[in-house]
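# Chains, contacts and geometry: an overview
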Amino acid sequence: MKKCLFILLTSILITGCQKIDKHRVTCKVLSIDKQVKTSGDKDHFDTDIYWLVVTDQGTFHARTDGYFGCAEATALQKDSTYTLSIDGFFQSSFLGIYPFITKVHK
């Protein structure tokens, strides 16, 4: 029974995911939401800061550090149009996983 439930849940999660291929997209920024997540305890804690960029072509994840980091993505302005390079492994709005902005083209 547990095995069947595991297979069912895994199947639902996999079908809700879409593979991401590196590409460019021209889009209008509708909103930019800064996300701050803190975890840990009084002796040690970590803070993760990133931005969710909502556009007319979908929602994208922007970071300033790491492999998919793009510092210039934090300068995007609402109601402006940009050409962005997008990359990632997969996306799932159900799981809150979005493609990354890797470059802002001028």
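Structure shown above.
Quick summary incoming for the structure in this document. Nothing here was measured: the structure is a model prediction, and the numbers come from that model.

The next point concerns the pattern of salt bridges. Scanning all chains against the criterion turns up 3 salt bridges. Linking Lys-19 and Asp-21 is a salt bridge whose minimum nitrogen-to-oxygen distance equals 2.7 Å. Note that Arg-63 and Asp-65 form a salt bridge whose closest N and O atoms lie 3.5 Å from each other. A residue is classified by how much of its surface remains accessible, and Arg-63, at 16% relative accessible area, is buried. Bridged by salt links that share partners, the residues Asp-48, Arg-63 and Asp-65 form one connected network.

What follows concerns a nonpolar patch on the surface. There is a patch of nonpolar side chains on the surface, built from Phe-89, Phe-90, Phe-94, Leu-95 and Ile-97 and spanning about 530 Å² of accessible area. Tracing the chain through its elements places Phe-94 in the loop between β6 (90-91) and β7 (100-105). Judged by relative accessible area, which is 65%, Phe-94 ranks as exposed.

Turning our attention to the pairing of strand β4 (residues 58-62). Alignment of strand β3 (residues 45-55) against β4, held across 5 bridges, turns out to be antiparallel. When the sheet's bridge partners are listed, Val-53 is paired in β4 with Phe-60.

On to the layout of surface pockets. Where empty space is left can be seen by rolling a probe of water-molecule size over the atoms. Computed from the structure, the largest pocket encloses a volume of approximately 150 Å³. For the largest pocket, the full set of lining residues is Gln-35, Tyr-50, Leu-52, His-61, Gly-88, Phe-89, Phe-90, Gly-96, Ile-97, Tyr-98, Pro-99 and Phe-100. When its residues are assigned to classes, the lining of the largest pocket shows 8 nonpolar, 4 polar and no charged.

Conventions and cut-offs
- Residues numbered from 1 in each chain as written.
- Predicted model: local features only at pLDDT ≥ 70, side-chain atom pairs only at ≥ 80, totals over all residues.
- Heavy atoms only, no water.
- Salt bridge = Lys/Arg side-chain N within 4 Å of Asp/Glu carboxyl O.
- Buried < 20%, exposed > 50% of the residue type's maximum accessible area, 1.4 Å probe, protein only.
- Patch = residues over 30% accessible without salt bridge, like charges linked within 9 Å, V, L, I, M, F, W, Y side chains within 5 Å.
- Areas by Shrake-Rupley, 256 points an atom, 1.4 Å probe, with all protein chains shown as cover.
- Helix = DSSP H or I, 4+ residues; strand = E, 2+ residues; numbered from the N terminus.
- Pairing = 2+ DSSP bridges.
- 1 Å grid on protein atoms, 1.4 Å probe; cavity = no way out; pocket = protein on both sides within 12 Å on 5 of 7 lines; lining within 4 Å.
- Points joined across faces, edges and corners; volume = space filled by probe spheres on them.
- Nonpolar A, V, L, I, M, F, W, Y, C, P; charged D, E, K, R; others polar.

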